[in-house]
Amino acid sequence: MPSWSDGESTDDSLLSEFDHGHNISPRPPMPESILLHEFTGYEDCDMRCKHDMPMYRYVCFEGANTGRRFLGCGCKEEVMCDTVHWVDHEWPCTLKKSLVKIWTMYEEERDSRIHGNVEYATKNYQLVLQKKELEKKNLELHKQLGDTLEYVAEATSHELEVAKRQEAELQVASLKEEKKKLEFEMARRLKAEEDVATLMEEKKKVEVEVAKRLQAEGIIASLKEEKRQLEYYVADLLKAHHAHKEKMKKIAEICSLE
Ligand SMILES: [Zn+2]
């Protein structure tokens, strides 16, 4: 059943119209019809359709016969036959032309809607494709961002590593410098200790020398004392000798006098 445009059709109605306009199921052999409660149900008469079924009441809803009542195939579920018996007389020519005009306008409107729907669907499909493409690019950007962040983290880690290494190298250089100073200091101290040992040795030698000299001086003093004693002794001897000489002279004199 077609629907007239009221300017507020929903997507569902558009789709239903689209489906209606592209219905490829085989058209029933009878005219299109609508259900009217005033004229429906089986007709109480002797007429039969090709299925030998009672005739059913229809109201035509297509072309120049729109609104004309007719009796048709009474089958509900089987394939309908083309038995048609018009109840109303043919419409006046002006009414038929008006109805054809209205149906033409409807079909043009429907085709326009179908065309619009196709354009809408095409644009929608393109938008879906663009959205998918954008989502794909977004994913790629996310991945690139992740890779970049990972690279930055690695680079930062590397820089920290380099900075740590440089700091460690500086510390090693400083320690080497300190080690060199300590070695120099130890060498200087060893040299000083050697000098002290040498001086101690020389001091000891000097002390020995001094002791020897002191001992020699003692001996010299003793010898001087002995010499002085000997001189006294010699002087006494000379004195005694002189006295003996005097005695001998006096004795000689005495002897010569006798
Ligand atoms: Zn039939």
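The notes below deal with the structure included here. (Residues numbered from 1 in each chain as written. Predicted model: local features only at pLDDT ≥ 70, side-chain atom pairs only at ≥ 80, totals over all residues.)

**Looking at the environment of W91**
Next, step 1: For W91, the location among the structural elements is in the loop between β4 (84–86) and α2 (93–257).
Next, step 2: Discounting chain neighbours no more than four positions away, the residues touching W91 are A64, R68 and K96. (Helix = DSSP H or I, 4+ residues; strand = E, 2+ residues; numbered from the N terminus. Contact = placed C-beta atoms within 7 Å.)

**Description of the pairing of strand β2 (residues 56–60)**
Two faces belong to every sheet, and in a regular strand the side chains alternate between them.
Next, step 1: Burial within β2 is extensive, with four of its five residues counted as buried.
Next, step 2: As judged from the two bridges shared by strand β1 (residues 33–34) and β2, these two strands associate in the antiparallel manner. Following the sheet pairing, S33 is matched in β2 by C60. (Buried ≥ 20, exposed ≤ 12 C-beta atoms within 10 Å, placed from the backbone. Pairing = 2+ DSSP bridges.)

**Some remarks on the pairing of strand β3 (residues 69–72)**
Next, step 1: The pairing of β2 with β3 spans four bridges and is classified as antiparallel. Across the sheet, Y56 pairs through a bridge with G72, a residue of β3.

**Notes on the sheet that holds β3**
Within a beta sheet, neighbouring strands are joined by backbone hydrogen bonds and run either parallel or antiparallel to one another.
Next, step 1: Spatially, four strands are ordered β1-β2-β3-β4 in an open sheet, and the strand pairing comes out antiparallel. The open sheet has two free edges, formed respectively by β1 and β4, since each of these has just one partner strand.

**Quick word on unusual backbone geometry**
Next, step 1: Even without a glycine there, the phi angle at D52 is positive, about 60 degrees.
Next, step 2: Take D52: it is sitting in the loop between β1 and β2.
Next, step 3: For D52, a count of 7 C-beta atoms within 10 Å puts it in the exposed group.

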